[in-house]
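Observations on the three-dimensional arrangement
This is what each chain is made of:
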Amino acid sequence: MEKNQIVELEITDLSYEAMGVAHLDGLTIFVNNALPGEKVEAKILKVKKSFAFAKIEKILVESPDRIKVKLNQWVQTGLASLAHLSYEKQLEFKRQQVVNLLQKAHLDLPVANCLPSPEETGYRNKAQTPVRDVKGQLEIGFFRKHSHDLVPMEDFMTNDPEIDRILLATRDVLRKYHVPAYDERRHKGLVRYIDVRRSKATGDAMVILVCLYKDFKNIEKISQEIANIDGVVSVYLNHNPQKTNVILGKHDYLLAGQKQIIDKIGDLEFNISPQSFFQINGQQTNNLYDLAIKRADLNKDMLVVDAYSGIGTIGLSLANQVKKVIGVEVVKPAVQDSKVNAAINGITNTEYVVGKAEEEMPKWADEGIKPDVVFVDPPRKGLTPEFIEGVVKSGAKKVVYISCNPATMVRDMVEFEKEGYGLTEINPVDMFPMTPHVECVTVLERTEK
Ligand code: SAH
């Protein structure tokens with residue numbers, strides 16, 4: 001098999017990155033945009049030792065689950081790479097990811113149906129949108145899969161439509177003042193990203209211009225015009241001078257309006273600043289937390305740990321059901337937010353510290369702190385052995401594991417099981433419709449001692 005060869009393929013599966021999978025001449029072939037059950041004529045793009053990549057030239061037999069997608073770019077880029085699959089099948093696909101991972105780990109556990117998101121599109125409350133020069137014009141859009149080529153876009157499908165409106169209006173202000181877009185190859189230009197965060201609860205939005213420099217021509221006029229866009233109450237410059245794929249730099253400068261916006265989860269209000277992590281699918285976050293809290297089976301005598309706490313959303317959501325919550329989060333401004341968030345919601349039984357969960361948890365255990373339930377909600381890389389040891393040492397009866405990456409969750413479950421924690425059902429929750437991302441909740445229960 002070689003590059004540019006045209007082959008006929010039968011798609012038998014969907015990879016965890018939402019690529020169609022076929023087998024030919026002893027190779028596994030990943031076909032962009034193809035669905036199981038389809039027969040396609042495909043062009044080979046790249047050949048490696050045991051696998052190859054291909055793209056569809058023609059669909060010969062179409063899957064009944066294929067959805068006609070309004071904009072090709074949604075699937076072409078990583079923005080919504082599952083948009084061509086019916087929503088019902090997306091949910092099945094996500095559940096199956098978890099089932100497959102459990103099988104590989106030789107774990108025999110029930111996996112519930114994936115909880116559908118109340119909104120299938122327009123659910124994102126935050127959009128970090130790349131800005132680049134395309135054919136001499138400043139454009140916003142999304143990167144083509146596995147590249148940094150910008151595909152210009154105006155309708156982002158998964159964003160709150162109000163965010164799209166604000167993005168376009170901001171883009172137009174930048175164009176009006178001939179502000180240069182960032183040029184990644186030469187590390188020149190100015191605006192790298194436009195980051196918009198919007199609260200559906202209040203309708204207020206924050207615009208963050210992520211820039212290579214912290215000052216530029218017409219900065220005051222530009223900030224003022226952006227602040228005048230309907231719904232925008234806060235405008236920031238984030239300074240990111242580094243050659244890096246990390247979106248935000250370390251420092252934010254308020255250009256106009258208020259420092260923070262307020263969003264809601266359930267009845268609680270949360271202050272959000274440019275750097276704070278906040279779940280991006282607001283409505284489904286309610287459901288996720290409800291499920292996790294229900295599965296924790298809390299009572300008024302309990303001490304609860306909220307690890308990887310962000311701005312304290314989980315701990316604060318359950319604080320009124322328990323005696324006390326202690327939380328740990330590595331981002332300092334997020335911890336400050338969690339303290340303010342406790343105060344504005346009149347919550348007095350939570351204590352959040354800045355630190356690494358894997359250092360704090362063992363320290364607490366050594367100090368004799370004995371939590372009843374430990375909530376964890378780590379980033380994609382999951383937990384560390386030090387953290388797990390800390391939990392074991394603390395004698396916690398229950399761990400409620402919220403995960404955005406089932407592969408590392410299953411890996412960590414195996415470790416907990418070795419340490420005498422019983423495994424229970426896994427609940428996949430769809431936080432990111434149209435993308436292959438799977439969120440899960442499960443509970444580990446101490447069975448020994
Ligand atoms: N529970 C929160 C945030 C979850 S995202 C919510 O539901 O909104 C994961 C969080 O873990 C992020 O806020 C990230 O900053 C934090 N984090 C990453 N590594 C960490 C570590 N080693 N120790 C503590 N927190 C960490």
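Above this text sits the structure in question.
Before going into details, it helps to say that this report is about the structure given with it. (Residues numbered from 1 in each chain as written. Predicted model: local features only at pLDDT ≥ 70, side-chain atom pairs only at ≥ 80, totals over all residues. Heavy atoms only, no water.)

All right, on to the pairing of strand β11 (residues 205–211) then. Successive side chains on a regular strand alternate, one facing one side of the sheet and the next facing the other. With seven of seven residues buried, β11 is to be regarded as a mostly interior element. Pairing of strand β10 (residues 191–198) with β11, which is carried by seven bridges, proceeds in the antiparallel orientation. Considered in β11, the bridge of D195 is made with I208. Counting the residues that bridge the hairpin from β10 to β11 gives six residues, and of these G203 lies at a positive phi of roughly 80°. Bridging between β11 and strand β12 (residues 232–239) involves seven bridges; their strand directions are parallel. (Buried < 20%, exposed > 50% of the residue type's maximum accessible area, 1.4 Å probe, protein only. Helix = DSSP H or I, 4+ residues; strand = E, 2+ residues; numbered from the N terminus. Pairing = 2+ DSSP bridges.)

Every α-helix winds through 3.6 residues per turn, so residues three or four apart in the chain are directed the same way. Turning to helix α4 (residues 219–227), its buried residues are I219, I222, S223, I226 and A227. Take α4 and look down its axis: the buried residues cluster within an arc of 135°, on one side only. Those residues of α4 hidden inside the fold are in contact with α3 (161–176), β11, β12 and β13 (251–257). (Arc of directions from axis to C-beta. Contact = heavy atoms within 4.5 Å.)

Turning our attention to the pairing of strand β16 (residues 303–307). With five of its five residues buried, β16 lies for the most part within the structure. Residues of β16 alternate between two faces, with L303, V305 and A307 on one and V304 and D306 on the opposite face, all of them buried. As judged from the five bridges shared by β16 and strand β17 (residues 324–329), these two strands associate in the parallel manner. Within β17, the position partnered with V305 by the bridge is I326.

Attention now moves to a negative patch on the surface. On the surface, E359, E386, E389 and E419 cluster together into a patch of negative charge. On the secondary structure map, E389 appears in helix α9 (residues 385–394). What makes E389 exposed here is its relative accessible area of 52%. (Patch = residues over 30% accessible without salt bridge, like charges linked within 9 Å, V, L, I, M, F, W, Y side chains within 5 Å. Areas by Shrake-Rupley, 256 points an atom, 1.4 Å probe, with all protein chains shown as cover. Salt bridge = Lys/Arg side-chain N within 4 Å of Asp/Glu carboxyl O. Lys, Arg positive; Asp, Glu negative; His and termini not counted. Charge placed at Lys NZ, Arg CZ, Asp CG, Glu CD.)

What follows deals with the sheet that holds strand β6 (residues 51–61). Here six strands make up an open sheet; going across it, the order is β1-β5-β6-β4-β3-β2 and the pairing mixed. Edge positions in the sheet fall to β1 (6–10) and β2 (13–14), since each of these pairs with one other strand and no more. Pairing between β2 and strand β3 (residues 20–24): two bridges, direction antiparallel. If you follow D13 over to β3, its bridge partner there is V21.

Taken together, the seven strands give an open sheet; going across it, the order is β18-β17-β16-β19-β20-β22-β21, and neighbouring strands pair in mixed fashion. Edge positions in the sheet fall to β18 (350–354) and β21 (421–429), since each has one partner strand and no second. Averaged over all pairs of adjacent strands, the angle between strand axes in this sheet comes to 15°, irrespective of strand direction. Contacting β17 and β18, helix α7 (residues 332–344) crosses the sheet at an angle of about 165° to β18. (Axes fitted to C-alpha atoms, helices over the stretch in contact; angles between N-to-C directions.)

Our next topic: the site of the ligand. Of all residues adjacent to the ligand, which total 17 residues, the nearest are Q279, Y289, E329, A357 and D377. Separating a nitrogen atom of the ligand from a backbone N or O atom of Y308 is a distance of 3.0 Å. A distance of 2.9 Å separates an oxygen atom of the ligand from a polar side-chain atom of D377. Notes on the ligand: free accessible area 570 Å², of which the protein chains cover 88%. Looking at the shell around the ligand, the elements with two or more residues in it are α6 (313–318) and α8 (357–366). (Near = heavy atom within 4 Å. Polar contact = N/O pair within 3.5 Å; in protein donor to acceptor, adjacent residues only side chain to side chain.)

With that out of the way, let us pick up the nonpolar core. Core analysis: the largest hydrophobic core is formed by 46 residues, its most contacted members being L298, V304, L318, V373, F375, V400 and V441. Listed in part, the 43 residues of the second largest apolar core include L174, Y177, A205 and M434. (Core = buried A, V, L, I, M, F, W, Y, C linked by side-chain atoms within 4.5 Å.)

Even without a glycine there, the phi angle at A18 is positive, about 70°. You can see A18 is positioned in the loop between β2 and β3. By relative accessible area, which is 0% here, A18 ends up buried. A positive phi angle, near 65°, is found at N218, a position not held by glycine. Take N218: it is sitting in the loop between β11 and α4. Overall, the relative accessible area of 27% leaves N218 in the partly exposed class.

Attention now moves to the pattern of salt bridges. This model, assessed by the stated rule, comprises 19 salt bridges. Here R66 makes a salt bridge to E38, at a shortest N to O gap of 2.7 Å. Here R66 is found in the loop between β6 and α1 (72–76), whereas its partner E38 is found in the loop between β4 (27–32) and β5 (39–47), with 28 residues between them in sequence. The residues R66 and E38 share a single accessibility class, namely buried. E162 is the partner of R165 in a salt bridge, and the nearest nitrogen-oxygen pair spans 2.7 Å. With R165 and E162 both in helix α3 and three residues apart, the pair spans about one turn of that helix. Judged by its relative accessible area of 30%, R165 falls in the partly exposed class. When its relative accessible area of 30% is taken as the criterion, E162 is described as partly exposed. A cluster of three or more residues bridged by salt bridges with shared partners is formed by E154, R171 and D172.

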